[in-house]
Amino acid sequence: MFKVGVFGADGRMGSEVVAAVQAADDMELVAGVDSAADRDAVGAADYVVDFTHPDAVMDNLEWLIERGIHAVVGTSGFDEARLERVRELQAANPGAKVLIAPNFGIAAVLMMHFAQKAAPYFDSTEIIELHHPNKADAPSGTAYRTAEMVAEARREAGTAPMPDATTSEIDGARGADVDGVRVHALRVAGLIAHQEVVFGTSGETLKIRHDSMNRTSFMPGVLLGVRRVADLPEPLTLGLESILGLE
Ligand SMILES: NC(=O)C1=CN([C@@H]2O[C@H](COP(=O)(O)OP(=O)(O)OC[C@H]3O[C@@H](n4cnc5c(N)ncnc54)[C@H](OP(=O)(O)O)[C@@H]3O)[C@@H](O)[C@H]2O)C=CC1
Ligand SMILES: O=C(O)C1=N[C@H](C(=O)O)C[C@H](O)C1
């Protein structure tokens, strides 16, 4: 039995995780907590799933790593500096494996993978992410990671810089620059989580679009993460790609 705790249990994602863990034959819910003050309630868990807030997740991870509890993290806000800090914490307290996935939707992971594969073949790549207006951060963790993957693929292929003759703009009109890739964040009532990666070259464009219709769609990826995290080869794994055999 996988003994699982949930951080952020009353939230939009955490409440789905609680229901998914309770419905899984091979899992037992130890506790769901919604505040750092209540973390001791998951002390008997071997695994904790974190869907909290970018401002809370690093402290949560430190707490879990110190206790040797494997962490499956969906919370956004991870840049290289944060990932490095997690590696340092794990080096000081070996035992707990950490899986941080910017997106647990299997189709979203494929969208990111296909974007990485397509990137070297196009002059231009821009990312449009669209989310519900209650989202705390912008751009989304998915868009941030996709931009990094696109930029890495372009660098490896020696692709020329993207054409852009803009010399005059209203602040923000060209979106955020993430590793040289423009990312545009829309917050629109009625939406859940969506992303379009737009590629262009001479006379041709390609758009790769992913849509999350509900939050249950993330749960197969989350449960897969719990089942696999302890056996991952590295202390820290970023994304579901290696688990899905996409690398
Ligand atoms: N990787 C993925 O596939 C996905 C990732 N996400 C990410 O997950 C995160 C959460 O999203 P969402 O569920 O919509 O957000 P919500 O605001 O709905 O939920 C977050 C919950 O975490 C609670 N919380 C805050 N701090 C702590 C803490 N230290 N310990 C335990 N609980 C805490 C909050 O309580 P309170 O409100 O009282 O502060 C809240 O109930 C975001 O970063 C989002 O981007 C979302 C969807 C998919
Ligand atoms: O806050 C959300 O809703 C989502 N957050 C994640 C992100 O920041 O990429 C994943 C998905 O986009 C939904």
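Residues numbered from 1 in each chain as written. Chains lettered and ligands numbered in written order. Predicted model: local features only at pLDDT ≥ 70, side-chain atom pairs only at ≥ 80, totals over all residues. Heavy atoms only, no water.

Once that is clear, we can look at the nonpolar core. Residues Val4, Val17, Met27, Val49, Leu99, Phe104 and Val226 are the most contacted members of the largest nonpolar core, which totals 31 residues. Among the elements of the structure, strand 1 (2–7), helix 1 (12–23), strand 3 (47–50) and helix 6 (219–229) are those that each provide at least two residues to this core. Leaving out residues up to four positions away in the same chain, Val4 has contacts with Val21, Met27, Glu28, Leu29, Val30, Ala31, Ala45, Tyr47, Val49 and Val226. (Core = buried A, V, L, I, M, F, W, Y, C linked by side-chain atoms within 4.5 Å. Buried < 20%, exposed > 50% of the residue type's maximum accessible area, 1.4 Å probe, protein only. Helix = DSSP H or I, 4+ residues; strand = E, 2+ residues; numbered from the N terminus. Contact = heavy atoms within 4.5 Å.)

Pairing in this open sheet of six strands is parallel, and the strands run 2-1-3-4-5-11 from one edge to the other. Two strands bound the open sheet, and with one partner strand each, they are strand 2 (27–33) and strand 11 (236–238). Averaged over all pairs of adjacent strands, the angle between strand axes in this sheet comes to 20°, irrespective of strand direction. Where strand 1 and strand 3 come together, four bridges link them in parallel fashion. For Val4, the partnering residue across the bridge sits in strand 3 and is Tyr47. Lying on the sheet, helix 1 is in contact with strand 1, strand 2 and strand 3; it crosses strand 2 at an angle near 155°. (Pairing = 2+ DSSP bridges. Axes fitted to C-alpha atoms, helices over the stretch in contact; angles between N-to-C directions.)

Here, the residues flagged by UniProt with the feature "active site" (unreviewed entry) are His131 and Lys135. For the largest cavity, the lining residues drawn from the annotated set are His131. For His131, the position within the fold is in strand 6 (residues 124–131). Setting aside its immediate chain neighbours within four residues, His131 contacts Ser140, Leu186, Arg187, Val188, Leu191, Ile192, Ala193 and His194. Within the structure, His131 has its side chain in polar contact with the side chain of Glu129 (distance 2.8 Å). As for its position among the elements, Lys135 is in the loop between strand 6 and helix 5 (141–157). On the accessibility criterion, Lys135 (19% relative accessible area) is buried. (UniProt positions renumbered as here; feature names shortened; annotations may be inferred. 1 Å grid on protein atoms, 1.4 Å probe; cavity = no way out; pocket = protein on both sides within 12 Å on 5 of 7 lines; lining within 4 Å. Polar contact = N/O pair within 3.5 Å; in protein donor to acceptor, adjacent residues only side chain to side chain.)

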